[in-house]
Amino acid sequence: MSLIGKVAVVTGGGSGIGRAISLQLANDGAAVSVWDLNAESAEQTVAMIVDAGGKAIACAGDASAKADIAHAAAATRQAFGPISILVNNAGISSFTPFMDISEEMIDRIMAINIKGPMLCCQEIIPDMLKDGWGRIINISSSSAQTGAPMMCHYSASKGGVIAFTKSLAIELAAKGITVNNIPPGFIDTPMLRQSPVDMEKQIAASPMKRAGGSEDIATAAAFLASEQAGYITGQTLGVNGGRVMP
Ligand code: NAP
């Protein structure tokens, strides 16, 4: 599906799922602004896109900090023009029994996983309103659908992303802007590999008997970003190999 002429922002685009989404959107023709805390990994994603003949810039910064978001959005507009696609992908996870979760960790998870997407939306929606067209895709988590041990703070933040998606979708539905979320199942990324999740056990318990790849999320995101997905909003598109069937 063609995204030629569109300008996309992907937060956390320097690694895993965000990198795959950046590559897919660029492959479909969008100019992509890769936002990441890690400047070097964002530049690596950009190099991969440019090597493949696409258009991209890297913006280093914290996608949950208002000043960094404004700075990255300005750089994106200067390079490519108004932003039409926003993928709120940046996120952090943490595995801790509930009673041991510190206040600082609750604040950090909530800041990056739910406040960040809300602030990025507030920064970028004016571009979409002016154009009468926009696509917002929030990356949530299947842990918010099923619950997950040692992830109370994480799954709560991602449940917030799902609820936020629905409410914002209603506010923007008549303005040509769709808002959807993708809750990934187990996707083989640096985040998953660094976690204490017993992959063998999870794979054995899953209907497809395999973990997903970042590309599985990327193709779903590219579909939701497309013109053809214009009548889909407020939805939760599970990409999880059948692990969750709500
Ligand atoms: P990942 O490999 O850790 O990539 C996340 C990227 O986001 C990293 O480059 C990270 O930078 C960046 N990032 C973190 N905080 C940021 C911030 N405040 N501002 C800008 N960039 C930031 O993780 P992933 O597995 O691809 O996960 C991507 C999204 O999918 C996350 O929202 C995650 O919760 C969600 N998810 C993943 C899975 C899975 O199985 N992998 C399942 C469900 C949901 P640094 O490396 O510098 O921290």
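Heads up: the structure comes first, above all this text.
Small disclaimer: the values here were computed from a predicted structure and weren't measured.

(A) The arrangement of the overall build of the protein in detail. For the protein, the count of helices and strands is 9 helices and 6 strands. Taking 2.2 N^0.38 as the reference for a compact globule, 246 residues should give roughly 18 Å; the C-alpha atoms of the protein span a radius of gyration of 17 Å, in line with that estimate. Expressed as lengths along the three principal axes of its C-alpha atoms, the size of the protein is roughly 45 × 40 × 35 Å. Considering only residue pairs separated by 6 or more positions, the protein has 73% of its internal contacts joining residues 24 or more positions apart. Approximately 11400 Å² of the protein is accessible, and the part contributed by carbon and sulfur atoms is 57%.

(B) A look at the nonpolar core. Formed by 30 residues in total, the largest nonpolar core has its most connected members in I21, L25, V32 and I182. Elements represented by at least two residues in this core include exactly β1 (7-11), α1 (16-27), β2 (31-36), α2 (39-51), β4 (85-88), β5 (134-139) and α9 (214-225). Element by element, the count of residues in this core is highest for α9, at 7 residues. If we skip the residues at most four places from it in the chain, V32 touches A8, V10, S22, L25, A26, I49, K55, A56, I57 and F80. In terms of nonpolar packing, the next biggest core, distinct from the first, is built from 26 residues, C59, A90, C121 and A169 among them.

(C) Seen up close, the environment of Q228. Take Q228: it is sitting in the segment after α9. Exposure remark for Q228: the relative accessible area of 53% places this residue in the exposed category. Each C-alpha atom of the pair Q228 and S2 lies 9.6 Å from the other, and the pair is 226 residues apart in sequence.

(D) A look at the sheet that holds β1. One open sheet holds the 6 strands; their spatial order is β3-β2-β1-β4-β5-β6, and the pairing between them is parallel. Two strands bound the open sheet, and with one partner strand each, they are β3 (55-60) and β6 (177-182). Pairs of neighbouring strands in the sheet enclose a mean axial angle of 15 degrees, with direction left out of account. Alignment of β4 against β5, held across 4 bridges, turns out to be parallel. Its bridge partner lying in β5, V87 is registered against I137. Here α1 sits on the sheet in contact with β1, β2, β4 and β5, set at roughly 170 degrees to β1. Contacting β1, β2, β4, β5 and β6, helix α4 (residues 103-131) runs over the sheet at an angle of about 175 degrees to β4.

(E) Spotlight on the pairing of β4. The side-chain alternation of β4 yields two buried faces, one formed by I85 and V87 and the other by L86 and N88. With respect to chirality, the unit in which β4 leads through α4 into the neighbouring parallel β5 is right-handed.

(F) Representation of the side chain of S140 within the structure. Looking at the secondary structure, you find S140 in the loop between β5 and α5 (143-146). A polar contact is formed between the side chain of S140 and the side chain of N181, at a distance of 2.6 Å. The residues touching S140, leaving out its near neighbours within four places in the chain, are K158, V161, I162, N181, I182, P183 and P184.

(G) Quick peek at the site of the ligand. Neighbouring the ligand are 28 residues, the closest being S15, D36, N89, Y154 and T189. Between the ligand and L37, the relevant distance is 3.2 Å, taken from a nitrogen atom to a main-chain nitrogen or oxygen of the residue. Across the complex, the protein chains shield 88% of the 890 Å² of accessible surface that the ligand would expose by itself. Looking at the shell around the ligand, the elements that each hand over two or more residues are α1, α6 (152-172) and α7 (190-193). The element best represented in the shell around the ligand is α7, accounting for 3 residues. Residue composition of the shell around the ligand, by class: 14 nonpolar, 11 polar and 3 charged.

About the criteria used
- Residues numbered from 1 in each chain as written.
- Predicted model: local features only at pLDDT ≥ 70, side-chain atom pairs only at ≥ 80, totals over all residues.
- Heavy atoms only, no water.
- Helix = DSSP H or I, 4+ residues; strand = E, 2+ residues; numbered from the N terminus.
- Rg over C-alpha atoms; globule rule 2.2 N^0.38 Å.
- Contact = heavy atoms within 4.5 Å.
- Areas by Shrake-Rupley, 256 points an atom, 1.4 Å probe, with all protein chains shown as cover.
- Core = buried A, V, L, I, M, F, W, Y, C linked by side-chain atoms within 4.5 Å.
- Buried < 20%, exposed > 50% of the residue type's maximum accessible area, 1.4 Å probe, protein only.
- Pairing = 2+ DSSP bridges.
- Axes fitted to C-alpha atoms, helices over the stretch in contact; angles between N-to-C directions.
- Right-handed = clockwise from strand over helix to strand, strands pointing away.
- Polar contact = N/O pair within 3.5 Å; in protein donor to acceptor, adjacent residues only side chain to side chain.
- Near = heavy atom within 4 Å.
- Nonpolar A, V, L, I, M, F, W, Y, C, P; charged D, E, K, R; others polar.

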